[in-house]
Amino acid sequence: MRRICKWFLFFSVLIGGGALHGEVPKVRVRLFSGQNMSQVLMSGASLTAELYGLGADSAIQASTFMVEQAQGKLRVESEGRPDMLVDSLAITSRKPLYFLGPKGIKRYLPGKVVLKPRGGAYVLAVNVLDMDDYLVGVVHAELGRLEHPQLWAAQAAVARTWFARNQRKFFEQGECYAVTDDVQSQVYHGWPADTARLKRLQTAVALTSDQLVVTAAGRPVEALFHANSGGQTMPSGWYFSERAYLVSVPDSFSLDCPQTHWTKSLDKEAYIAQMAAWLRQSSNDSAFRRFVCTYQQPVRAEWMVYGGHSVRLRTIREHYKLRSTWFSVKDGAGQVTLQGRGYGHGIGMSQEGAHVMAKKGYSAPEITGFYFPGTHLVRWDEAKWVD
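Residues numbered from 1 in each chain as written. Predicted model: local features only at pLDDT ≥ 70, side-chain atom pairs only at ≥ 80, totals over all residues. Heavy atoms only, no water.

Student: So what's going on with the overall build of the protein? Which residues, and what values?
Tutor: For the protein, the helix and strand inventory stands at nine helices and 20 strands. Within the protein, the fraction of its 387 residues that count as buried is 52%. Pairs at least 24 residues apart make up 67% of the contacts formed inside the protein by residues separated by at least 6 positions. Of the roughly 17,300 Å² that the protein leaves accessible, carbon and sulfur atoms contribute 51%. (Helix = DSSP H or I, 4+ residues; strand = E, 2+ residues; numbered from the N terminus. Buried < 20%, exposed > 50% of the residue type's maximum accessible area, 1.4 Å probe, protein only. Contact = heavy atoms within 4.5 Å. Areas by Shrake-Rupley, 256 points an atom, 1.4 Å probe, with all protein chains shown as cover.)

If you want it as structure tokens, here you go:
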């Protein structure tokens, strides 16, 4: 039986409930996931802290709150008041607040921040906010310098769909949040402090507000994305099970982009030895050496095959930390150079390709329909959640 989080009821009260699939839920995102926080500082205009565990729950107002763990409780410091030990607290503000985390990193956060002890020495911080407010931060972080309203609207629909498919993952592991703020989920670092960029992001995300990418049968898709396909996306069956909407798509939009091409040089003899181990060949065999040193991959492939043996190109990518599995090899004196295409796993939407599509006049639904063939957009409450 799965471990049930003892804080689930507390969090449910704080976020105001809501049906899992019938309506768009609030988002609970763990802040600074993967980092240990022993102390945090929050500041803003008229912050309100709801304090739990003082005997009688109470609320106080201040412009700053310092919170640190103290032997299983949280010590709360605010100006003009004695320190307080509480079980947990929730910080709200009329405007987004500033959150100072590990290594002095500051984030600008909308919504509510809930804090509770984690382990014996650390603080767990969870940002509770509306879906579109969350997606503004995701689009801002995931796309960076790539900017176009239709690209941002497409990315928002894809990110919302990803959340819809994965929103129970961490709760089912016993956690009290739906997603993390790093690549375990979708990157979210709050809102940009640049108010002009923030306004553009909010306007773009609103273009596909509440919308999901779904199959012809109305089921939300596994909405994967990557930086650049190199000119051809990868079928999902090469990484996991096959999906009719995650097939290999010729993608001319991803050609001639900043991340279309890459190179990496490797020590020649070490490379040959590693390939020989994977393909069960002699590293001294001249024909084999010629093959691996001049290997060509004109179109995407799943395997490198030689002499009746094979190795997944995914294995090679992960071993050498390559940008993609799509590469050919150029021989040289003492080294080989891998000449590759694309950046990322190659499945689903190419972000740079989607950017080119947007600049050419394609709409967000046309972009998602291209990278997820046979799909369309529907509102959250119109999606089909069960067969």
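Student: Requested: an account of the pairing of strand β8 (residues 106–109), with residues and values cited.
Tutor: Strand residues, when the strand is regular, have side chains that alternate between the two faces of the sheet. Where strand β7 (residues 97–100) and β8 come together, four bridges link them in antiparallel fashion. Residue pairing for β8: L97 is matched across the bridge by L109. Counting the residues that bridge the hairpin from β7 to β8 gives five residues, and of these K103 lies at a positive phi of roughly 60°. (Pairing = 2+ DSSP bridges.)

Student: If you had to explain the sheet that holds strand β14 (residues 261–267) to someone new, which residues and values would you point to?
Tutor: One open sheet accounts for three strands, arranged β14-β18-β17; its pairing is antiparallel. Two strands bound the open sheet, and with one partner strand each, they are β14 and β17 (327–331). Each adjacent strand pair in this sheet contributes to an overall mean axis angle of 25°, direction not counted. Relative to strand β18 (residues 335–341), β14 runs antiparallel, the two sharing seven bridges. When the bridges of β18 are listed, L266 appears paired with V336. (Axes fitted to C-alpha atoms, helices over the stretch in contact; angles between N-to-C directions.)

Student: I'd like to hear about the environment of Q150, residue by residue, with values.
Tutor: By the element assignment, Q150 lies in helix α3 (residues 149–166). Residue classification places Q150 among the partly exposed residues on the basis of a relative accessible area of 22%. Separated by 106 residues in sequence, Q150 and G44 place their C-alpha atoms 33 Å apart. Sequence-distant contacts of Q150, defined by excluding residues within four places in its chain, comprise L207, A358, Y362, S363, A364 and I367.

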